[in-house]
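Residue-level structure breakdown
If you want the building blocks of each chain, they are given just below.
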Amino acid sequence: FRHYDKMAAYISGLQNLVANTTYRARALLYYPLTTARTLVTSRPPFCTATNEIDRTLQGLVNSLLNLNVPFEIGYEQVIDAAEVKDGRIIIAGTEYGVVILPCARYIKARTFEQLRAFARGGGRIIAVNGKPEFIVADELRPADELSGMIAYECRDYDIISDKTRFDTEKVSPMGAFAGALRQALRGLPDYVYSIEPTDGIMSALRQGNDAWYVIVINDEKRPLAVRGHIALNLPFRAINADTGEEQSLTVSGGSFEFTIDALNCVVIEIGPDAHAAAAADAARETEDIVLENTVFAPTGLNIAMPDLYQ
């Protein structure tokens, strides 16, 4: 309890950031519901097929986190209703340039048409442990090859155990499964930022107005070095979410490096006002505030805290 005030400030600052920004993903991880439904009626025992689907999905989630690729899980109904344009699938304002298909042997006709238009426009489709083979419509028919699709198989899943629970277990260290996915993602154009894959380092991307925010966390009980690159031609700075103060960075062009403390979080702000905000914060540290003949001298900077109006 003696650290409760610090924990409250830490959490409220991050909650304020999340509440006022929108999560932005790059990759869409397809949920193979049609394949699962088809296999449960056509090829018993179902447990063998679902075990492979579950482990492939879990391995992909684990690998995407480790590779610092912002992603969301896309259900077929959402993909069916999405806008497809210029090699992008657009859902609720977010544009996805990568679709990952785990064990998706059977696929609905509408979903397949959306993916075909996406691939023809230059979007990248990665099929893991099974690519579309059959279209499920009024009649089952063979699926055509999707343009430019990268398909591979890897069953070394990089997961802790068959009984890993998402709510209790840590992300597993990177191995063959993450390496195969990393190879399949090679050659994609830069997207806002990249972080060199390091066990224990994960990140998320959020956007608010004309600024982007990369939330970087260290899941290890020791300090770790973070190396990355900002793809946008915009100023950027880093904020230590524990103290609210600017994080020391080594910067060369768009590349950066810093050390993140054990079990801590750093927020990288990217935007036209990042440098101006840093200068204003530095000035505010030494500015005295006078209120009814009482002088308040700020003892520390905490820009992660939300503004309070009374």
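Rules behind the numbers
- Residues numbered from 1 in each chain as written.
- Predicted model: local features only at pLDDT ≥ 70, side-chain atom pairs only at ≥ 80, totals over all residues.
- Heavy atoms only, no water.
- Helix = DSSP H or I, 4+ residues; strand = E, 2+ residues; numbered from the N terminus.
- Buried < 20%, exposed > 50% of the residue type's maximum accessible area, 1.4 Å probe, protein only.
- Contact = heavy atoms within 4.5 Å.
- Areas by Shrake-Rupley, 256 points an atom, 1.4 Å probe, with all protein chains shown as cover.
- Pairing = 2+ DSSP bridges.
- Axes fitted to C-alpha atoms, helices over the stretch in contact; angles between N-to-C directions.
- Salt bridge = Lys/Arg side-chain N within 4 Å of Asp/Glu carboxyl O.
- Lys, Arg positive; Asp, Glu negative; His and termini not counted.
- Polar contact = N/O pair within 3.5 Å; in protein donor to acceptor, adjacent residues only side chain to side chain.
- Core = buried A, V, L, I, M, F, W, Y, C linked by side-chain atoms within 4.5 Å.
- Patch = residues over 30% accessible without salt bridge, like charges linked within 9 Å, V, L, I, M, F, W, Y side chains within 5 Å.
- Arc of directions from axis to C-beta.
- Phe/Tyr/Trp six-rings, centres within 6.5 Å; stacked < 30°, edge-to-face > 60°.

The secondary structure content of the protein amounts to seven helices and 22 strands. Scored against the burial criterion, the 310 residues of the protein give a buried share of 44%. Pairs at least 24 residues apart make up 73% of the contacts formed inside the protein by residues separated by at least 6 positions. When the accessible surface of the protein is split by element, carbon and sulfur atoms take 51% of a total near 16800 Å².

Most of strand β17 (residues 236–240) is tucked away: five of the five residues are buried. Residues Phe236, Ala238 and Asn240 of β17 are buried on one face, and the alternating residues Arg237 and Ile239, pointing to the opposite face, are buried as well. In this sheet, strand β20 (residues 265–270) lies alongside β17 in antiparallel orientation, the contact comprising five bridges. Bridging from a neighbouring strand, arginine 237 pairs with glutamate 269 of β20.

The subject of this paragraph is the sheet that holds strand β5 (residues 88–91). Spatial ordering of the open sheet is given by β4-β5-β6, a layout of three strands whose pairing is antiparallel. Edge strands, defined here as strands with exactly one partner in the open sheet, are β4 (83–85) and β6 (94–96). The average angle at which neighbouring strand axes cross in this sheet is 30°, direction not considered. Relative to β5, β4 runs antiparallel, the two sharing three bridges. Residue pairing across strands places lysine 85 opposite arginine 88, the latter belonging to β5.

This part covers unusual backbone geometry. Excluding glycine, most residues fall at negative phi; most peptide bonds, likewise, are trans. Residue asparagine 209 is not a glycine yet carries a positive backbone phi of 55°. Turning to its location among the elements, asparagine 209 is positioned in the loop between β14 (201–208) and β15 (211–218). A relative accessible area of 77% places asparagine 209 in the exposed class. We note that leucine 263 has phi near 50°; this positive angle belongs to a residue other than glycine. Relative to the helices and strands, leucine 263 is located in the loop between β19 (255–260) and β20.

For the rest of this paragraph, the subject is the pattern of salt bridges. This structure, assessed with the given rule, holds nine salt bridges. Between aspartate 144 and arginine 116 there is a salt bridge whose closest N-O contact spans 3.1 Å. One end of the pair, aspartate 144, is in the loop between β11 (140–142) and β12 (150–152); the other, arginine 116, is in helix α5 (residues 109–120), with 28 residues separating them in the sequence. A relative accessible area of 47% means that aspartate 144 is categorised as partly exposed. The buried category is assigned to arginine 116, whose relative accessible area is 18%. The salt bridge partner of glutamate 145 is lysine 131, with a shortest N-O separation of 3.3 Å. Linking glutamate 145 in the loop between β11 and β12 with lysine 131 in the loop between β9 (124–128) and β10 (134–136), this pair joins segments that are 14 residues apart in sequence. Among the ionic contacts, a cluster of salt bridges with common partners joins Glu52, Glu153 and Arg155.

Along the chain, arginine 124 falls in strand β9. The side chain of arginine 124 is buried and forms no salt bridge, while aspartate 190, the nearest opposite charge, is found at 11 Å. Looking at arginine 124, its side chain comes within polar contact range of the main-chain oxygen of arginine 186, at 2.6 Å. What arginine 124 contacts, discounting residues up to four positions off in sequence, is Gly97, Val98, Val99, Phe118, Ile150, Ala184, Leu185, Arg186, Gly187 and Leu188.

This paragraph deals with the nonpolar core. Within the largest apolar cluster, 24 residues are counted, with the highest numbers of intra-cluster contacts made by Leu29, Ile100, Ile126 and Leu181. When residues of this core are traced back to their parent elements, those giving at least two are β2 (27–30), α3 (46–66), β7 (98–102), β9 and α6 (176–184). In terms of residues, this core owes the most to one element, α3, which gives five residues. Residue contacts for isoleucine 126: discarding those within four places in its chain leaves Val98, Val99, Ile100, Leu101, Ile150, Tyr152, Leu181, Ala184 and Leu185.

Here the focus is a nonpolar patch on the surface. A surface patch of nonpolar side chains, about 520 Å² in accessible area, is lined by Phe1, Tyr4, Met7 and Ile11. Of note, isoleucine 11 is situated in helix α1 (residues 4–19). By relative accessible area, isoleucine 11 is classed as partly exposed at 38%.

All buried positions along α6 are accounted for by Phe177, Ala178, Leu181 and Ala184. Each buried residue of α6 lies within a common arc of 120° when the element is viewed along its axis, so the set occupies one face.

Turning our attention to the packing of aromatic side chains. This structure, assessed with the given rule, holds five aromatic pairs. With a centroid separation of 4.9 Å and an interplanar angle of 25°, the aromatic rings of tyrosine 31 and tyrosine 75 are classed as stacked. In this pair, tyrosine 31 is assigned in the loop between β2 and α2 (33–42) and tyrosine 75 in the loop between β3 (71–74) and α4 (76–80), connecting sequence segments 44 residues apart. We classify tyrosine 31 as partly exposed; its relative accessible area is 28%.

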